[in-house]
Every structure is written in structure tokens, then in C-alpha cells.
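# Coordinate inspection notes
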Amino acid sequence: MSVRATEISDILRSQIENFGQQLTVTNVGTVVEVGDGIATVYGLSQVQASELVEFENGVRGLALNLSEDSVGIVIMGDYTGIEEGQTVRSTGEIASVPVGDALIGRVVNALGQPLDGKGPIVTDKTRFIERIAPGVIERKNVDTPLQTGIKAVDAMIPIGRGQRELIIGDRQTGKSAVAIDTIINQKNSGVICIYVAIGQKQSQIRQVQRVLEENGAMDNTIIVAASASDPAALQYIAPFAGCAMGEEFMETGRDALIVYDDLSKHAWAYRQVSLLLRRPPGREAYPGDVFYLHSRLLERAAQLSDERGGGSLTALPFIETQANDVSAYIPTNVISITDGQIFLEADLFNAGIRPAINVGISVSRVGGDAQIKAMKSVAGRMKLDLAQFRDLAAFAQFGSDLDPATRAQLDRGLRVQEVLKQPQYSPLPVEEQVAIIYLVNNGIIDTVPVERIGEFQRGYIEYLHTNHPQVLDTIRESRALSDEATAALTAGAREYMQTVGFAK
């Protein structure tokens with residue numbers, strides 16, 4: 001078979017004319033140094049701050065240090081398979097997480113990937129983990145209570161929707177218990193809760209999940225877990241990821257509560273990452289921007305104006321102190337950023353006063369604006385009276401002869417202290433709190449022995465529900481305490497004491 005020269009030239013001409021080349025431009029770099037979860041990469045000239053990059057073995061990293069001739073990348077996964085000379089590819093994606101209702105009831109990691117074995121999270125919405133906080137004009141006053149169900153908090157250190165209230169204290173003083181009780185109390189309030197666990201043991205995170213499930217609170221809660229075994233990079237981005245999930249609810253006009261447990265470990269993780277990136281260390285080896293780290297996170301909690309939908313994001317950050325030292329570097333930083341603090345003291349905890357709140361240095365800068373009228377009317381002077389009682393009790397132990405006025409103040413203070421004790425995982429509705437606090441503040445239960453106050457509380461509330469349910473309904477619906485309601489509460493208490501025989 002002979003081939004003519006004209007056929008060959010036609011074929012070549014058609015090939016040249018129809019030649020099409022698709023170019024794919026990818027920004028790549030080369031690993032120069034790797035170790036301890038940090039990679040230094042040469043190249044990646046077009047990479048952006050907080051952009052995700054991908055290594056040859058599929059592990060992702062976060063670009064943090066953008067130098068003139070290299071990029072410092074935090075590796076978010078197993079870095080043992082990454083070696084010098086390997087290529088790194090930019091993805092063009094700024095770090096983001098999935099958001100929306102599909103996450104409710106799930107346990108996810110800091111990247112929004114499921115950890116609970118319940119299948120993939122189906123949502124097409126994502127949000128950048130880093131975002132500028134709403135401005136002053138976009139916000140409105142914090143004036144709606146976020147009921148924690150804890151008498152000591154709702155009465156003396158009230159929290160409002162959109163507030164940032166710090167929970168601070170030594171380890172094992174009941175900080176997590178306060179937050180978990182608050183989450184449990186939101187199960188019928190419409191508030192979506194996000195619990196961010198930073199640097200905790202996996203068994204501890206699992207226990208929190210189990211408690212929430214047992215109390216029916218997991219149905220409106222998201223757990224974001226960055227455990228102690230996770231890389232420091234995931235512990236660093238976990239609270240920002242949780243905040244992005246909460247912002248989605250806030251900006252769609254809903255109310256959300258986010259708990260950061262805890263920001264001390266977050267600061268430790270950021271210090272580790274920063275030192276490995278060779279950023280200049282400052283006080284206690286923390287980088288110079290550790291204040292900005294927490295302020296840009298906590299400022300994203302807000303009560304949005306009606307024009308922006310009126311949603312809210314309330315933040316409860318935790319800080320762990322050493323030997324009750326609230327004047328250390330990180331505690332003072334976060335105290336200055338937040339709208340108040342609840343200080344839990346080890347001595348009170350060990351004395352059996354739980355929640356172990358030191359009312360002397362605990363404060364809510366929102367105050368009575370975050371209380372219903374009924375609670376404001378019964379708990380007005382309670383914080384001051386309790387602080388004075390604890391000072392008085394400290395002096396009274398040195399003297400045996402006390403005048404009648406001092407003795408009466410001590411007796412009343414002991415009863416208030418007993419009333420504010422509350423078992424874990426048993427938050428109370430606000431109307432029940434008002435009923436109990438009204439009785440103790442007005443001396444109606446002064447005849448009940450101090451050691452039987454807890455027994456009296458439980459029995460009295462059951463008695464009200466059985467014999468005077470309309471009183472509690474009226475307080476809950478009107479949010480105020482009328483003369484008729486106070487008379488009914490007093491009458492109910494006297495009837496119950498006569499029935500059961502509470503007397504000195």
C-alpha cells in the first residue's frame with residue numbers, strides 16, 4: 001500500500017490547525033524544612049494568609065507566616081510522611097468550615113469533619129473561620145436574659161444574650177459544670193449551643209457528650225473537639241471554627257451560645273505554633289499578638305440590631321488559673337476583653353459550696369439589664385449581702401460574743417448560702433428560682449434549720465407545682481412578681497412548713 005505525500009501533508013496540516021492546549025497554572029512550592037508540625041516551604045509566591053495548602057501525601061496545612069522567600073505552614077494532620085524536597089500545592093481556599101443546621105447534634109473536629117460515626121454532614125454552606133467582628137452600629141444593647149438555670153448566676157451575675165462572660169478558676173473547681181448546666185437549660189429555649197473542647201482528653205469530651213445526650217440537650221448542640229492528642233494547629237483553629245458555626249445562626253436571626261473550654265490551652269497551642277514558626281517571643285514566651293488572638297475571637301459575640309435580623313451569639317470563655325492567681329498574663333488579658341467574669345474558688349469548692357462562686361470578685365457588666373423584673377426585684381441586694389456575710393463570717397470565727405444584729409446577719413447569710421447550693425446537671429426554671437430566693441431574702445424560712453434548707457427547697461417546689469401551680473405560671477408568663485404572687489408564695493411556704501413540720 002502506497003502513501004501519497006499530499007495525504008501526509010494534509011494530515012499534518014489538520015493536526016497543526018486543530019491543535020489545542022489546555023494550560024493549568026498551579027501555585028507550587030518545595031518543602032525546605034519540616035518538623036514538629038511545621039513546614040517551611042520555598043515558593044508558593046501567590047499564597048494568601050490562612051490559605052489551605054496540600055502536601056504530596058494529601059495532608060493539608062495552613063499558611064501562617066508569609067516571608068519574602070518562604071512560607072511557614074502549620075500542618076493539620078500527621079506530619080511524619082512529609083519530607084524535604086516534596087512539593088506543596090496551594091488550593092486557593094481560605095480556611096473555612098461547613099455551617100448550618102446539618103451540624104446540630106453532631107460531634108466534629110476543627111475542620112468540621114464528623115467524629116461521631118453518624119455519616120457525612122450534608123450541607124453546602126461554608127464560612128471562613130476568621131472574620132471581622134460586627135461593628136458598633138450593627139449591634140444593639142444586651143437586654144435579653146440567657147437563663148443558665150443556676151440560681152447563683154441568674155440572681156447575682158446575670159448573663160444576657162450577646163454577652164461575653166468569662167468563667168475563671170483553678171482546675172477542678174466546677175467550670176465545665178457551669179457551662180454544661182447552662183447548655184442543658186437551653187434545650188427548650190430555642191438557643192443553639194456550640195461546645196468547643198480545646199486540648200481536653202478524648203474521654204472527657206465523650207463524657208460531656210454522654211451527659212448532654214442523657215439530659216436531652218444534644219439535640220440542639222454542636223460539639224467541636226480538638227483533643228489533647230490533636231496537633232496544635234487544630235487546637236489553634238478550633239474556637240474560630242466553632243465561632244463561624246455560631247455566626248451562621250446569629251446572622252439568620254437566631255440565638256446561639258458558644259462555650260470555649262478553655263482559652264488557656266488555646267493560648268498554649270498558639271504559643272507552641274508561634275515559637276515553632278520562629279516568631280519573636282514576648283512575656284512568658286507568648287507571641288506579641290496573643291491579646292489580639294483572643295480579642296478578635298471574642299469580639300465576634302454580639303447581639304445584632306433589628307436591621308441585621310436581631311440574632312445573637314453569646315460567648316462563655318474559660319480560663320484556668322494557677323493557685324487562684326487572676327492577675328497572671330492570660331487571665332488579665334481575657335478579663336479585659338470580656339463583659340464580666342464568674343470566679344470559681346477552690347476553697348469554696350472544697351468546703352462543699354457548689355457552684356463555688358466567689359461573689360466578691362465576680363461581676364456582670366450587663367447587670368440587671370439581663371434579668372427579668374421578677375428576678376431583679378428579689379435579688380437586688382443579694383450579691384452585696386452575700387459578700388458582706390462571707391467577710392463577716394471570716395471575722396466571726398475569732399470571737400465568741402456576737403451582738404444580736406451580727407448574729408441575725410450571719411444566720412441569714414448561712415441560709416442564702418445554702419439556698420444557692422445546687423447539684424450538678426439540675427438547672428432550675430427561672431420562676432422556681434424566684435420563688436426560693438423571695439422566701440430566703442424576706443426571712444420567711446428563717447425558722448428552717450440550715451442543714452434542712454436543701455430538703456425544704458425540693459419539697460416546697462413540688463408543693464407549689466401540686467397545690468399552687470398558677471403562681472409559677474404567672475411569674476413565668478408575666479416575668480414580674482405581683483403582690484398577689486408574693487402573697488401566694490408566702491402562704492404556700494407557711495402551709496408547707498406546717499404540713500411537713502419544718503421548725504428549729
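Residues numbered from 1 in each chain as written. Predicted model: local features only at pLDDT ≥ 70, side-chain atom pairs only at ≥ 80, totals over all residues. Heavy atoms only, no water.

## Notes on the sheet that holds strand β4 (residues 60-66)
What holds strands together in a sheet is hydrogen bonding between their backbones, with the strands either parallel or antiparallel. This is how it is decided: Any two strands with at least two DSSP bridges between them are considered paired. What counts as a helix is a DSSP run of H or I of at least four residues, what counts as a strand is a run of E of at least two, and both are numbered from the N terminus. Helix axes are fitted only over the stretch in contact, all axes being lines through C-alpha atoms; the angle between N-to-C directions runs from 0 to 180 degrees.
With antiparallel pairing, the six strands of this closed barrel are ordered in space as β1-β2-β5-β4-β3-β6. Sheet twist, expressed as the mean angle between neighbouring strand axes with direction ignored, is 45°.

## Notes on the UniProt feature "binding site: ATP" (unreviewed entry) in the protein chain
The test is simple: UniProt positions are given in the numbering used here, feature names are shortened, and annotations may be inferred rather than shown by experiment. We place a 1 Å grid over just the protein atoms. Points where a 1.4 Å probe fits but has no way out form a cavity, open points with protein on both sides within 12 Å along at least 5 of 7 lines form a pocket, and any residue with an atom within 4 Å of a point lines it. Partly exposed describes any residue whose relative accessible area lies between the buried limit of under 20% and the exposed limit of over 50%, with all areas from a 1.4 Å probe on protein chains only and scaled to the type maximum. Whether two residues touch is decided by their heavy atoms; if any such pair falls within 4.5 Å, the residues are in contact. Distance and chemistry together define a polar contact, namely a pair of N or O atoms within 3.5 Å, with one atom able to donate a hydrogen and the other to accept it when in protein, and with adjacent residues in sequence counting only for side-chain atoms on both sides.
When the UniProt feature table is mapped onto this chain numbering, "binding site: ATP" (unreviewed entry) sits at Gly169, Asp170, Arg171, Gln172, Thr173, Gly174, Lys175 and Ser176. Lining residues of the largest pocket drawn from the annotated set just named are Arg171, Gln172, Thr173, Gly174, Lys175 and Ser176. As for its placement among the helices and strands, Thr173 is situated in the loop between β10 (166-169) and α3 (175-185). Looking at Thr173, the relative accessible area reads 2%, which means it is buried. Apart from the residues within four sequence positions on either side, Thr173 is in contact with Leu344, Glu345, Ala346, Phe349 and Ala356. Separated by 2.7 Å, the side chain of Thr173 and the backbone oxygen of Asp170 make a polar contact.

## Brief notes about the packing of helix α12 (residues 404-420) against helix α13 (residues 430-441)
Spelled out, the test is: If an angle is under 35 degrees, it is roughly parallel; if it is over 145, roughly antiparallel; if it lies from 65 to 115, roughly perpendicular; otherwise it is oblique. Under the convention adopted here, Pro, Cys and the residues Ala, Val, Leu, Ile, Met, Phe, Trp and Tyr are nonpolar, Asp, Glu, Lys and Arg are charged, and Gly plus all remaining residues are polar.
Direction vectors running N to C along α12 and α13 enclose 170°, while the axes themselves pass 10 Å from each other. Relative to α13, α12 is oriented roughly antiparallel. Contact residues: Arg412, Arg415, Val416 and Val419 in α12; Ile436, Val440 and Asn441 in α13. Class assignment of the residues belonging to the contact of α12 with α13 gives a composition of four nonpolar, one polar and two charged.

## Overview of unusual backbone geometry
Here the bond from Asp261 into Asp262 is cis, since omega is 0°, no more than 30 degrees from zero. Mapped onto the elements, Asp262 comes out in the loop between β13 (255-261) and α6 (263-276). In the segment running from Arg354 into Pro355, the intervening peptide bond is cis, with an omega of 5°. Among the secondary structure elements, Pro355 is positioned in the loop between α9 (346-350) and β17 (363-364). Positive phi, normally seen in glycine, also occurs at Arg278, with a value near 65°. Note that Arg278 resides in the loop between α6 and α7 (290-298).

## Remarks on α13
Our working rule: In a helix, the anticipated span is given by 1.5 Å times the number of residues less one.
In a regular helix each residue adds 1.5 Å, so twelve residues correspond to 16 Å; α13 covers 16 Å between its end C-alpha atoms and thus fits that length. Counting buried positions over the twelve residues of α13 gives eleven, a clear majority of the element. One or two positions beyond α13, positive phi appears at Gly443, with a value near 70°.

## Brief notes about empty space enclosed by the protein
For clarity, the cut-off: Grid points are joined across faces, edges and corners, and a volume is the space filled by probe spheres set on the points.
Applying the stated criterion to the full structure yields three cavities of 30 Å³ or more. The volume enclosed by the largest cavity comes to roughly 60 Å³. Lining the largest cavity we find Ala152, Met156, Ile353, Pro355, Ile357, Val359, Leu386, Arg390, Gln417 and Leu420. Of all the elements in the fold, those that place two or more residues in the lining of the largest cavity are α2 (151-156), α11 (382-396) and α12. Classifying every residue of the lining of the largest cavity gives eight nonpolar, one polar and one charged.

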